[in-house]
Amino acid sequence: MIDQEMKKAVLENFEKAFGKRDGVKAYFAPGRVNLIGEHTDYNGGHVFPCALTIGTYGAAAKRDDNKLRFYSVNQNRVGVIESSLDDLKPSDKAGWTNYPKGVIWAFAKRGMNLDKGFDMVIYGNIPNGSGLSSSASLEVLTGFILRDLYGFDTSNQDLALIGQYSENNFNGCNCGIMDQFAVAMGKENNAIFLDTADLSYEYAPIKLEGAKIIITNTNKKHKLTDSQYNARRSMCEAALAILQKTTDIKGLGDLSIEEFEKIKGQLTDPDMQKKAKHAVYENQRTIEAVKALKDGDLEHFGKLMRQSHESLRDDYDVTGIELDTLAEEAWKIPGVIGSRMTGGGFGGCTVSIVKDEAIENFKKTVGENYRKKIGYDATFYTVEIGGGPEVL
Ligand code: GLA
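Residues numbered from 1 in each chain as written. Predicted model: local features only at pLDDT ≥ 70, side-chain atom pairs only at ≥ 80, totals over all residues. Heavy atoms only, no water.

> Kindly report on the packing of aromatic side chains, identifying the contributing residues and their values.
Applying the stated rule across the entire model yields 17 aromatic pairs. On the basis of an interplanar angle of 65 degrees and a centroid distance of 6.2 Å, the ring pair of F48 and F301 is categorised as edge-to-face. A residue pair is termed long-range when its members are at least 10 positions apart, and F48 in the loop between β2 (46-47) and β3 (49-62) and F301 in helix α9 (residues 298-314) qualify at 253 residues. One exposure class covers both F48 and F301, and it is buried. Members of the aromatic cluster, connected to one another through ring pairs, are F70, W96, F107, F118, Y150 and F152. The ring centre of Y281 lies 5.3 Å from the NZ or CZ of K277, which sits over that ring. (Phe/Tyr/Trp six-rings, centres within 6.5 Å; stacked < 30°, edge-to-face > 60°. Helix = DSSP H or I, 4+ residues; strand = E, 2+ residues; numbered from the N terminus. Buried < 20%, exposed > 50% of the residue type's maximum accessible area, 1.4 Å probe, protein only. Lys NZ or Arg CZ within 6 Å of the ring centre and 35° of its normal.)

Spelled out as structure tokens, the structure:
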């Protein structure tokens with residue numbers, strides 16, 4: 001659902017920043033929320049995210065020289081950031097433009113070189129640093145714009161892979177494929193059941209009769225590169241290397257719970273064993289959750305959301321007091337079907353499925369108890385599942 005005000009504003013800001021130009025177009029790429037399957041995507045496991053109707057709006061036009069000029073309405077105080085096609089290296093000075101620059105760099109790695117530069121304005125309505133993938137949204141938006149402006153022949157799935165490649169190799173976060181995939185492949189009213197081992201996927205309609213998806217922002221900022229994200233990933237890789245000495249697996253996601261229980265003793269470091277346990281159990285939980293949804297058993301889906309949070313809290317250790325407070329307070333409220341942290345963790349948001357008649361009480365009670373314990377407010381958003389990137 002395109003927000004016409006946002007579209008108008010991004011185009012107006014383009015004219016303000018770069019002057020009137022022929023051929024300027026507006027674009028949109030969504031944010032995402034993951035319903036279940038957390039920290040499984042770099043372990044060859046399953047995830048179950050969906051695109052949101054909030055996201056990043058962009059306006060762009062080609063130039064006649066090699067310059068690249070970027071302007072963010074959200075970060076208007078930093079003004080226009082200028083660069084060029086001859087300067088595609090990450091730098092602190094480039095700030096947020098390291099994301100679009102990384103995508104241009106990654107296109108070039110695939111042999112898709114830009115003959116000229118371009119001007120681009122972005123305006124997002126995903127709260128920054130909320131764990132709803134503002135960076136993946138910006139990466140896919142940039143890729144989508146490049147494809148449109150320069151006529152490259154590349155699929156949406158490729159845009160996801162290019163976005164991830166640029167984030168891994170240009171921006172230094174070893175993220176998995178979930179976020180970029182959810183953004184690039186989003187489908188209205190559907191979540192995506194993705195097997196990250198081979199990128200096979202299936203859309204699953206989300207029909208929540210009498211309930212809504214509510215995202216609650218801890219308002220604690222997180223930045224994945226600063227966090228323990230890369231450390232968790234390395235630990236899973238180390239666990240995999242140990243288990244591969246005796247088993248023929250490509251990722252922790254290849255193990256059933258029974259298989260893992262049989263061989264887990266090989267992981268003698270108790271912390272490593274806990275991290276691997278999460279990866280294995282969470283993957284199986286995700287498969288079970290999608291089955292429950294297909295069977296119309298939303299109650300069971302909700303229980304698995306809770307187990308997912310508990311595992312991320314107790315075994316994977318990526319929650320923290322803010323996310324735990326939101327989830328634990330939510331579980332106490334009648335009419336809350338399920339609630340868990342979503343995304344990388346350490347801050348960001350929870351996702352909850354709440355019955356319509358319980359929403360008011362949910363927001364009031366969780367909100368008050370969060371403020372009492374944490375000292376500042378959480379923010380609540382009722383969200384809808386949107387489609388992938390588009391030209392507006
Ligand atoms: C971040 C990463 C994803 C995924 C999640 C955790 O959002 O970008 O690839 O690993 O964390 O599930």
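> So, the sheet that holds strand β7 (residues 190-195): which residues are in play, and what are the values?
Taken in spatial order, the 3 strands of this open sheet run β2-β7-β8, and their pairing is antiparallel. Edge positions in the open sheet fall to β2 and β8 (200-205), since each of these has one partner strand only. Bridge analysis of β2 against β7 gives 2 bridges, and the strand direction is antiparallel. By the bridge assignment, V47 is partnered in β7 with L194. (Pairing = 2+ DSSP bridges.)

> Please set out unusual backbone geometry residue by residue, giving values where relevant.
Its identity is not glycine, yet N189 carries a phi of approximately 60 degrees, on the positive side. Relative to the assigned elements, N189 resides in the loop between α5 (178-184) and β7. Of note in this structure, N219 is not a glycine but carries a positive phi near 60 degrees. Secondary-structure assignment places N219 in the loop between β9 (211-217) and α6 (229-243). Of the residues examined, N219 reaches a relative accessible area of 28% and is grouped as partly exposed.

> Give me the site of the ligand: which residues, what numbers.
As a matter of local geometry, the ligand sits amid 13 residues, with E38, H39, D41, D179 and Y229 nearest to it. Here R32 contributes a side-chain N or O atom positioned 3.1 Å from an oxygen atom of the ligand. Contact distances for the ligand include 2.6 Å between an oxygen atom and a side-chain N or O atom of E38. Calculation on the ligand without its partners gives an accessible area of 300 Å², and the protein chains cover 98% of this total. Per-class residue counts for the shell around the ligand are 5 nonpolar, 4 polar and 4 charged. (Near = heavy atom within 4 Å. Polar contact = N/O pair within 3.5 Å; in protein donor to acceptor, adjacent residues only side chain to side chain. Areas by Shrake-Rupley, 256 points an atom, 1.4 Å probe, with all protein chains shown as cover. Nonpolar A, V, L, I, M, F, W, Y, C, P; charged D, E, K, R; others polar.)

> Give me the lowdown on the pattern of salt bridges, citing residues and values where you can.
Counted according to the given criterion, the structure contains 31 salt bridges. Between D119 and R63 there is a salt bridge, and its shortest N-O distance comes to 3.1 Å. Taken together, the residues span a long stretch of sequence, with D119 in strand β6 (residues 118-124) and R63 in the loop between β3 and β4 (67-72) at a distance of 56 residues. Classification of D119 by relative accessible area gives buried; the value is 0%. Of the charged contacts in the structure, one is a salt bridge between D317 and R232, with a shortest N-O distance of 4.0 Å. Here D317, found in the loop between α9 and α10 (321-331), pairs with R232, found in helix α6; they are 85 residues apart in sequence, far enough to count as distant. Classification of D317 as partly exposed rests on a relative accessible area of 46%. Judged by its relative accessible area of 9%, R232 is buried. One connected set of salt bridges, linked through shared partners, spans R21, R63, D65, R69 and D119. (Salt bridge = Lys/Arg side-chain N within 4 Å of Asp/Glu carboxyl O.)

> Which residues make up the layout of surface pockets, and what are the values?
Considering only enclosed or pocket space, the second largest pocket measures out at about 260 Å³ in volume. Along the walls of the second largest pocket sit 13 residues, with P205, K207, L293, K294 and G296 positioned nearest its centre. Secondary structure elements with two or more residues in the lining of the second largest pocket: β8 and α8 (270-294). The element best represented in the lining of the second largest pocket is β8, accounting for 4 residues. Residues that form the lining of the second largest pocket fall into these classes: 7 nonpolar, 1 polar and 5 charged. (1 Å grid on protein atoms, 1.4 Å probe; cavity = no way out; pocket = protein on both sides within 12 Å on 5 of 7 lines; lining within 4 Å. Points joined across faces, edges and corners; volume = space filled by probe spheres on them.)

> Which residues make up the nonpolar core, and what values do they have?
Side chains of nonpolar character tend, in soluble globular proteins, to be buried together. Counting residues in each nonpolar core, the largest one holds 43 residues, and the members touching the most others are I104, F107, L114, F118, M120, L146 and F181. For this core, the elements supplying multiple residues, two or more each, are β1 (25-34), β4, α2 (98-109), β6, α3 (134-150), α4 (156-169), α5 and β7. Here this core gets 9 residues from one element, more than from any other, and that element is α3. Aside from chain neighbours lying at most four places away, what touches F107 is M112, G143, L146, F152, T154, L159 and I162. Counting 28 residues, the second largest nonpolar core, distinct from the first, contains V33, I36, A289 and I385. (Core = buried A, V, L, I, M, F, W, Y, C linked by side-chain atoms within 4.5 Å. Contact = heavy atoms within 4.5 Å.)

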